[in-house]
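# Tertiary structure, described
Chain by chain, the residues:
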Amino acid sequence: MANIKFVKENQEVIAADGANLRLKALENRIDLYTFSGKMMNCGGIGQCGTCIVEIVEGSENLSPRTDFENRKLKKKPENYRLACQAMVNGEVSVKTKP
């Protein structure tokens with residue numbers, strides 16, 4: 001089991017190993033999207049790049065960045081991820097809408 005702590009929301013969520021970060025956030029009513037992201041998100045298939053989160057702690061407990069993430073986030077810090085592409089395998093702390 002993995003604990004996901006959403007820093008801004010001060011909420012902790014329990015997830016099974018291999019759980020998708022975006023799905024766990026949405027299941028627990030954590031808002032990942034800015035206004036434009038709410039209107040234009042792709043629904044979690046990794047095409048739009050609007051579900052960006054900052055990994056504060058535990059980046060080693062996430063799946064490696066995908067090629068799509070590397071392209072979409074090339075000008076962002078290494079600790080930024082697309083929530084729809086990140087699989088959780090341990091404790092992680094996340095900042096939404098960085």
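The structure reproduced in this document is the subject of the present report. From a predicted model like this one, the values you see are computed outputs, not experimental measurements.

Moving on: the overall build of the protein. Counting its secondary structure elements, the protein contains three helices and seven strands. In sequence order, the protein lays out its α and β elements as β-β-β-α-α-β-α-β-β-β. Computed over C-alpha atoms, the radius of gyration of the protein comes to 12 Å, within 12% of the 13 Å expected from 2.2 N^0.38 for 98 residues, which places it in the range of a compact globule. Taking the principal axes of its C-alpha atoms as reference, the protein extends roughly 30 × 25 × 20 Å.

For strand β1 (residues 2-6) and strand β2 (residues 11-15), the ladder comprises five bridges, and the chain directions are antiparallel. By the bridge assignment for β2, Phe6 is matched with Gln11. Here β1 folds back onto β2 in antiparallel fashion, the turn holding four residues, of which Asn10 has a positive phi close to 50°.

Attention now goes to the nonpolar core. With 26 residues, the main nonpolar core has Ile4, Phe6, Leu21 and Val94 as its most contacted residues. When contributions to this core are tallied by element, the ones reaching two or more residues are β1, β2, α1 (21-27), β4 (52-57), β5 (80-82) and β7 (92-96). Apart from residues no more than four positions distant in its own chain, Val94 is found in contact with Ile4, Lys5, Phe6, Val7, Leu21, Val53, Glu54 and Ile55.

Before going further, it helps to examine the side chain of Arg65. Looking at the secondary structure, you find Arg65 in the loop between β4 and α3 (67-72). Notably, Arg65 is buried but unbridged: the nearest opposite-charge side chain belongs to Glu78, and the N-O separation is 4.1 Å. A polar contact is formed between the side chain of Arg65 and the backbone oxygen of Pro77, at a distance of 3.0 Å. From its side chain, Arg65 meets the backbone oxygen of Tyr80 in a polar contact 2.8 Å long. With residues up to four places along the chain from it excluded, the contact list for Arg65 reads Asn70, Leu73, Lys76, Pro77, Glu78, Tyr80 and Arg81.

With that out of the way, let us pick up the environment of Ser93. With respect to the helices, strands and loops of the structure, Ser93 is situated in strand β7. For the pair Ser93 and Asn3, spaced 90 residues apart in sequence, the C-alpha to C-alpha distance is 8.4 Å.

Throughout the structure, instances matching the rule amount to three salt bridges. As a salt-bridge pair, Glu27 and Lys24 come within 3.0 Å of each other at their nearest N and O atoms. With Glu27 and Lys24 both in helix α1, this residue pair falls three residues apart, about one helical turn. Linking Lys97 and Asp31 is a salt bridge whose minimum nitrogen-to-oxygen distance equals 3.3 Å. In this pair, Lys97 sits in the segment after β7 while Asp31 sits in the loop between α1 and α2 (35-40), placing the two residues 66 residues apart along the sequence.

Reading across the sheet, the five strands line up as β2-β1-β7-β4-β5 and stay open at both edges, with mixed pairing between neighbours. Each edge of the sheet is formed by a strand with only one pairing partner; in this case those strands are β2 and β5. The average angle at which neighbouring strand axes cross in this sheet is 35°, direction not considered. With three bridges connecting them, β4 and β5 associate as antiparallel partners. Looking at β5, one finds that Ile52 is bridged to Leu82.

What counts, and at which threshold
Residues numbered from 1 in each chain as written. Predicted model: local features only at pLDDT ≥ 70, side-chain atom pairs only at ≥ 80, totals over all residues. Heavy atoms only, no water. Helix = DSSP H or I, 4+ residues; strand = E, 2+ residues; numbered from the N terminus. Rg over C-alpha atoms; globule rule 2.2 N^0.38 Å. Pairing = 2+ DSSP bridges. Core = buried A, V, L, I, M, F, W, Y, C linked by side-chain atoms within 4.5 Å. Buried < 20%, exposed > 50% of the residue type's maximum accessible area, 1.4 Å probe, protein only. Contact = heavy atoms within 4.5 Å. Lys, Arg positive; Asp, Glu negative; His and termini not counted. Salt bridge = Lys/Arg side-chain N within 4 Å of Asp/Glu carboxyl O. Polar contact = N/O pair within 3.5 Å; in protein donor to acceptor, adjacent residues only side chain to side chain. Axes fitted to C-alpha atoms, helices over the stretch in contact; angles between N-to-C directions.

Keep in mind these values describe shape, not function.
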